[in-house]
Amino acid sequence: MTFEDVMGALESLADPRRAQAGARWGVPVHDRFGVPVPEIRRLARRVGTDHEMALELWRTGMAEARILACLVADPARVTADQLARWARQLKSWDVCDAFASFLVRPSPMAATAARDWPAREEEFVKRAGYVVIASLAVHDKAASDAVFRRLLQVVVRHARDERNFVRKAVSWAIRQIGKRNFALNREAIAAARKLAGSPSAGARWAASDALRELRSEAVSRRLRARGRSAQRQG
C-alpha cells in the first residue's frame, strides 16, 4: 500500500461523531478521524512492517495515523533520537499508550525509557515511561524478578504526580508487575503501601487503585494457576 492508499483507507473509516465523542475520554478531538483501534489494527496487518511509511504517517499529526505508525514501524530500526522526538510530540493518552506499548517496548531502548522517562516532567513522556514498564511486565517473560524490583523503585521514586493520566499509569505499572508472580505481588503491594503514606494525592490515589486489584481474589487465583502451570512445565 502507498501512503496515499493508507490515508485514504483511514479517511474512508472516519466517523466524525466518534471523533467528537473522544472529548469524554480526555483526548483532543481536532486531530483525529474517529477510527476505532480494531480497524487501525486491521489496516496495520495489511500494511505490514514499513518503517518509511511509519515516518510519513507520524508526520501527519493525526492521532489514528500516529497509532498506525507505531504498529507498522520497525522497532529494530527506530533510533533513540526518533523515540525522543516522538515522545515530545505526544498529545493524548491513546497515542502515548500505542507508542509505548507497540514501538518503545519491543525496541532496544525499552530499558532506558522505563528507567528514565518516569522522571520526566512532560505529562505524556512521563506516562509513556510507566506504560513501557507495564508493557514489559506483561510481555518480557524472560526478565528476572530483580529487573522488576528495580523498576518498582523507579515507579515509587517518581510517582508523586497529581495529573490524572500520570497517576493512572503509575497504578497500571504497579499492578502489572504485581501480577507476574507471588513474589512480585508482595513487592508490588509493599510499594503501593509505601505510596499510600505519601503527601501526594496522586500517589495515594495510584496506591489505592493498585492495591484494590493486587489484593483481589481474581489475581490470587490467576497467580496460583500460573504457579501450577510452571511446576508442571518444570
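In this text, all values refer to a predicted model and were calculated from it rather than measured experimentally.

Q: Which parts of the structure should I look at to understand the packing of helix H10 (residues 145–157) against helix H11 (residues 164–178)?
A: For any two helices packed against each other, one specifies the crossing angle of their axes together with the interaxial distance. Viewed as axis vectors pointing N to C, H10 and H11 meet at an angle of 160 degrees, and their least axial separation amounts to 10 Å. It follows that H10 is roughly antiparallel to H11 by the angle criterion. H10 and H11 meet at a crossing whose hand is left-handed. Counted together, Phe148, Leu151, Leu152 and Val155 of H10 and Val170, Ala173, Ile174 and Ile177 of H11 form the full contact between these two elements.

Q: Explain helix H13 (residues 201–214) here, please?
A: Side chains three or four residues apart in an α-helix point the same way, a direct result of the helix having 3.6 residues per turn. The end-to-end C-alpha separation of H13 is 20 Å, in line with the 20 Å expected for 14 residues at 1.5 Å each. Turning to H13, its buried residues number three or more, namely Gly202, Ala203, Ala206, Ala207, Asp209, Ala210, Leu211 and Leu214. At the N-terminal boundary of H13, the capping side chain belongs to Ser200, with an oxygen 3.3 Å from the backbone nitrogen of Gly202.

Q: I keep staring at helix H4 (residues 51–59) and nothing clicks. Help me out?
A: Of all the positions in H4, only His51, Met53, Ala54, Leu57 and Trp58 are classed as buried. The buried residues of H4 all sit within an arc of 150 degrees when viewed along its axis, so they share a single face. Buried residues in H4 make contact with helix H1 (3–12), helix H3 (37–47), helix H5 (63–72), helix H6 (80–88) and helix H7 (93–104). The opening residue of H4 is Asp50, an N-cap whose side-chain oxygen sits 3.4 Å from the backbone nitrogen of Glu52. Gly61 sits one or two residues past H4 and shows a positive phi near 80 degrees.

Q: I tried to follow the nonpolar core on my own but got confused; where do I start?
A: Where a protein is soluble and globular, its nonpolar side chains tend to be buried together. By size, the foremost hydrophobic cluster in this structure holds 75 residues, and its most contacted members are Leu57, Leu68, Phe99, Trp117, Tyr130, Val170 and Ile174. In terms of residues, this core owes the most to one element, helix H9 (residues 123–139), which gives nine residues. In this view, Val170 contacts Tyr130, Val155, Ala159, Leu195 and Ala206; residues no more than four positions away in its chain are not counted.

Q: When you look at the packing of aromatic side chains in this model, what are you seeing that I'm missing?
A: Between two aromatic rings, the relevant description is the distance of the centres plus the angle of the planes. Counted by the stated rule, this structure contains four aromatic pairs. Measuring from ring centre to ring centre gives 5.9 Å for Phe99 and Trp117, while their planes differ by 10 degrees; the resulting arrangement is stacked. Taken together, the residues Phe99 in helix H7 and Trp117 in the loop between helix H8 (110–116) and H9 connect sequence positions 18 residues apart. The pair formed by Phe99 and Trp117 is uniform in burial state, with each residue classed as buried. Residue placement shows Arg167 over the ring face of Trp205; its charged tip is 4.3 Å from the ring centre.

Each value, and the rule that gives it
- Residues numbered from 1 in each chain as written.
- Predicted model: local features only at pLDDT ≥ 70, side-chain atom pairs only at ≥ 80, totals over all residues.
- Heavy atoms only, no water.
- Axes fitted to C-alpha atoms, helices over the stretch in contact; angles between N-to-C directions.
- Helix = DSSP H or I, 4+ residues; strand = E, 2+ residues; numbered from the N terminus.
- Parallel < 35°, antiparallel > 145°, perpendicular 65-115°, else oblique.
- Left-handed = near helix turned anticlockwise from the far one by under 90°.
- Contact = heavy atoms within 4.5 Å.
- Expected span 1.5 Å × (residues − 1).
- Buried < 20%, exposed > 50% of the residue type's maximum accessible area, 1.4 Å probe, protein only.
- Polar contact = N/O pair within 3.5 Å; in protein donor to acceptor, adjacent residues only side chain to side chain.
- Arc of directions from axis to C-beta.
- Core = buried A, V, L, I, M, F, W, Y, C linked by side-chain atoms within 4.5 Å.
- Phe/Tyr/Trp six-rings, centres within 6.5 Å; stacked < 30°, edge-to-face > 60°.
- Lys NZ or Arg CZ within 6 Å of the ring centre and 35° of its normal.

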